[in-house]
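Here is what each chain is made of, one letter per residue.
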Amino acid sequence: MLHKSTALTDKTIQLIADFQSGKVQPITTGIPHLDKACGKGLTPSLIVGITARSFSGKTYDLERIQSHIRKNHTDVIQLNANWELNFFKILLRDISQKTNKSQSEILYDNPTAEDLIKLKEICDEHRNDNIYYENEPVSPEQFFEDVKEVIRLHPKERIVVTVDNLENILDTKNNQKSSIDAFLTQVNRLKDMHWFISFIILNQLNNDILKRIDNPKQHKPKESDIYSSGQYYKLCDVLYVKVLPWRLHITDKFMVFAKEAYSWLEEFKVFGNGNTASFEPNGNAYYFYLKRRGSDIKDMQDIFAESIFKKEEVKDLTVKATPTFTTPIFTPPQSLSQFEPS
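Residues numbered from 1 in each chain as written. Predicted model: local features only at pLDDT ≥ 70, side-chain atom pairs only at ≥ 80, totals over all residues. Heavy atoms only, no water.

1. Structural notes on the overall build of the protein
Here is step 1 of the chain: The helix and strand tally for the protein stands at 10 helices and 11 strands.
Here is step 2 of the chain: A globule of 342 residues ought to have a C-alpha radius of gyration of about 20 Å, and the protein, at 21 Å, matches this closely.
Here is step 3 of the chain: At a minimum sequence separation of 6, the contacts of the protein that also span at least 24 residues come to 70%.
Here is step 4 of the chain: Of the roughly 17,600 Å² of accessible surface on the protein, 50% is carried by carbon and sulfur atoms.
Here is step 5 of the chain: Put simply, the protein has 44 plus and 46 minus side-chain charges, and the middle of one group is 4 Å from the middle of the other. (Helix = DSSP H or I, 4+ residues; strand = E, 2+ residues; numbered from the N terminus. Rg over C-alpha atoms; globule rule 2.2 N^0.38 Å. Contact = heavy atoms within 4.5 Å. Areas by Shrake-Rupley, 256 points an atom, 1.4 Å probe, with all protein chains shown as cover. Lys, Arg positive; Asp, Glu negative; His and termini not counted. Charge placed at Lys NZ, Arg CZ, Asp CG, Glu CD.)

This is the structure in structure tokens:
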């Protein structure tokens, strides 16, 4: 669809003025380093990519973002394309995390009166007419129609669309890569169909990163490590790769670099002989920003870290450990504020 430059300029200037006056605010994610990379939060037509290996907590990151938006931006419309976990699993896991009960206990033990009160509180958080779900994988065409319908129903509200997980798109092209490319084409169309719509899209790392685990100098993720990376990488405005080194069987040292590098992550460093250092692999998650479109060119802080396990638990950690991803202990870089858990 063609648009005259004059009309687009006038429309954009008005939106910028609304931001400047405070009439329109960015949508914070509750993850300080992500908000920083996005320019204080999600803004119109922004596309965020979150990429990791399986069992590295990218769905957990997404859930804490969704929860933060639900609690702190009550007027925002959310469309959650939960193709990885359906709503039954999402709600059951949330109940388990917030009650410290196993899923089996929740399903099969008779609840006490106190349990029922807590259960109602948790479920009431999810009863929200501003939140829509795609509870199963859909085709690229159906995704487009569903988002278009949300846009039609909410022409004046801010909208956030989240996708978990890109590789689970329903294949209608007899080729998964072609279906993924078709889906990303639809996202590219949709991002300009509403005055304020943002996308968060989860994706997998391929096996290339596993080929480099024996070489600490090559541990840092690359664009080529991203599954179906071409169009996905180009489309994203902000993209981070999340790495849990011990899940890659790295338990000695993660990366090698000059000891003065990454000064904002001193507490995560382990120092070797000479002028080199590495990151402590056990119990920590590392976030590598491969893309930050629009960020300050002078801002060199492209890696952030988070403690998943308490220090006393790290010594018992083995390569077979599966992280539970309960509320993390977050140690922010010096320039960021304290992490506010969702």
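Resuming the write-up.
2. So, the sheet that holds strand E6 (residues 238-243)
Here is step 1 of the chain: As summarised here, the arrangement of the eight strands in space is E3-E2-E4-E5-E1-E6-E10-E11, forming an open sheet in which the pairing is mixed. The open sheet has two free edges, formed respectively by strand E3 (131-134) and strand E11 (303-307), since each of these has just one partner strand. For this sheet, the mean inter-axis angle between neighbouring strands, taken without regard to orientation, is 15°.
Here is step 2 of the chain: When strand E10 (residues 284-292) meets E11, the two strands line up antiparallel, connected through five bridges. From the neighbouring strand, Tyr-286 faces E11, where its bridge partner is Ala-305. (Pairing = 2+ DSSP bridges. Axes fitted to C-alpha atoms, helices over the stretch in contact; angles between N-to-C directions.)

3. Looking at the confidence of the model for the protein
Here is step 1 of the chain: Of the residues in the protein, 90% have a pLDDT of 70 or more, and the chain-wide mean is 89.
Here is step 2 of the chain: Every residue in residues 318-342 scores below 50 in pLDDT, and together they form 69 contacts with partners more than four places removed in sequence or on other chains. (pLDDT = per-residue confidence, 0-100.)

4. Notes on the environment of Leu-42
Here is step 1 of the chain: Here Leu-42 shows up in the loop between helix H2 (32-38) and strand E1 (47-52).
Here is step 2 of the chain: On the basis of relative accessible area, Leu-42 is assigned to the buried category, the value being 0%.
Here is step 3 of the chain: Through-space distance from the C-alpha of Leu-42 to that of Ile-303 is 20 Å; in sequence the pair is 261 residues apart.
Here is step 4 of the chain: In this view, Leu-42 contacts Pro-26, Ile-27, Thr-29, Val-48, Ile-69, Val-160, Phe-196, Ser-198 and Ile-200; residues no more than four positions away in its chain are not counted. (Buried < 20%, exposed > 50% of the residue type's maximum accessible area, 1.4 Å probe, protein only.)

5. Regarding the sheet that holds strand E8 (residues 269-271)
Here is step 1 of the chain: Read across the sheet, three strands follow the order E7-E9-E8 without closing on themselves; strand pairing throughout is antiparallel. Looking at which strands have only one partner, the edges of the open sheet turn out to be strand E7 (254-258) and E8. Strand-to-strand twist across the sheet, computed as the mean angle between neighbouring axes with direction ignored, equals 35°.
Here is step 2 of the chain: Of the strand pairs in this sheet, E8 and strand E9 (residues 276-279) are connected by three bridges, and their pairing is antiparallel. Along E9, the bridge assignment pairs Lys-269 with Phe-279.

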